[in-house]
Amino acid sequence: MLVTVQGFFEDGRFIPSEPVKIPEHKKAIVTILDEAENDRKKQQMVDLTECFRLLDESMDEEVPDFPGANFHREVEL
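Keep in mind that what you see is a predicted model, and the values were worked out from it rather than measured.

(A) Structural detail: the overall build of the protein. A count of helical and extended segments in the protein gives 1 helix and 2 strands. The linear arrangement of helices and strands in the protein, starting from the amino end, is β-β-α. Over its C-alpha trace the protein gives a radius of gyration of 24 Å, far above what one expects of a compact globule, namely 11 Å for 77 residues. Structurally, the protein occupies a C-alpha span of about 60 × 45 × 15 Å along its principal axes. Taking all 77 residues of the protein together, 1% fall into the buried category. Summed over all atoms, the accessible surface of the protein reaches about 8,700 Å², with 55% contributed by carbon and sulfur. Averaging the coordinates of the 9 positive side-chain charges in the protein and doing the same for the 18 negative ones gives two points 15 Å apart.

(B) Highlighting the packing of aromatic side chains. This structure, assessed with the given rule, holds 1 aromatic pair. Look at Phe 9 and Phe 14: their rings are 5.7 Å apart centre to centre, the planes differ by 65°, and that puts the pair in the edge-to-face class. Judged by relative accessible area, which is 48%, Phe 9 ranks as partly exposed.

(C) A nonpolar patch on the surface, seen in detail. Taken together, the side chains of Met 1, Val 3, Val 20 and Ile 22 make up a nonpolar region of the molecular surface, amounting to roughly 490 Å² of accessible area. As for its placement among the helices and strands, Met 1 is situated in the segment before strand E1 (7-10).

(D) Seen up close, the pattern of salt bridges. By the definition in use, this model includes 2 salt bridges. With its nearest N and O atoms 2.7 Å apart, the salt bridge here joins Arg 53 to Glu 50. With Arg 53 and Glu 50 both in helix H1 (residues 37-58), this residue pair falls 3 residues apart, about one helical turn. The partly exposed category is assigned to Arg 53, whose relative accessible area is 37%. A salt bridge links Arg 53 to Glu 57; the shortest N-O distance between them is 2.3 Å. Highlighted residues: Arg 53 and Glu 57, both in helix H1, separated by 4 residues, approximately one helical turn. Relative accessible area serves as the criterion here: at 49%, Glu 57 is assigned to the partly exposed category. Connected through salt bridges with shared partners, the residues Glu 50, Arg 53 and Glu 57 form a single ionic network.

(E) Spotlight on the environment of Arg 73. By secondary structure assignment, the location of Arg 73 is in the segment after H1. Between the C-alpha atoms of Arg 73 and Ile 15, which are 58 residues apart in sequence, the distance is 55 Å.

(F) Just unusual backbone geometry, in detail. One non-glycine residue, Asp 11, lies in the positive phi region at around 55°. Tracing the sequence through the fold places Asp 11 in the loop between E1 and strand E2 (13-16). The backbone of His 25 sits at a positive phi, close to 60°, despite the residue not being glycine. With respect to the helices and strands, His 25 occurs in the loop between E2 and H1.

Calculation rules
- Residues numbered from 1 in each chain as written.
- Predicted model: local features only at pLDDT ≥ 70, side-chain atom pairs only at ≥ 80, totals over all residues.
- Heavy atoms only, no water.
- Helix = DSSP H or I, 4+ residues; strand = E, 2+ residues; numbered from the N terminus.
- Rg over C-alpha atoms; globule rule 2.2 N^0.38 Å.
- Buried < 20%, exposed > 50% of the residue type's maximum accessible area, 1.4 Å probe, protein only.
- Areas by Shrake-Rupley, 256 points an atom, 1.4 Å probe, with all protein chains shown as cover.
- Lys, Arg positive; Asp, Glu negative; His and termini not counted.
- Charge placed at Lys NZ, Arg CZ, Asp CG, Glu CD.
- Phe/Tyr/Trp six-rings, centres within 6.5 Å; stacked < 30°, edge-to-face > 60°.
- Patch = residues over 30% accessible without salt bridge, like charges linked within 9 Å, V, L, I, M, F, W, Y side chains within 5 Å.
- Salt bridge = Lys/Arg side-chain N within 4 Å of Asp/Glu carboxyl O.

Any functional reading would require information beyond the geometric quantities listed.
Right, dumping it as structure tokens:
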């Protein structure tokens, strides 16, 4: 079984992004990414800001009138 755990290093310790149980005495391979936790958080904030900007821009758009679905119709089986 192969398990991937995301997290970051702080004060020489690995801090997982979410709780994970790792069995004792298992071999592990650690890959250090060329991205700091702060860089990831900054990118998330930029993405979220862009999302809110797009939502604000769409507030004045007219929504077409779609016909409603009739879920109470008879169906032949």
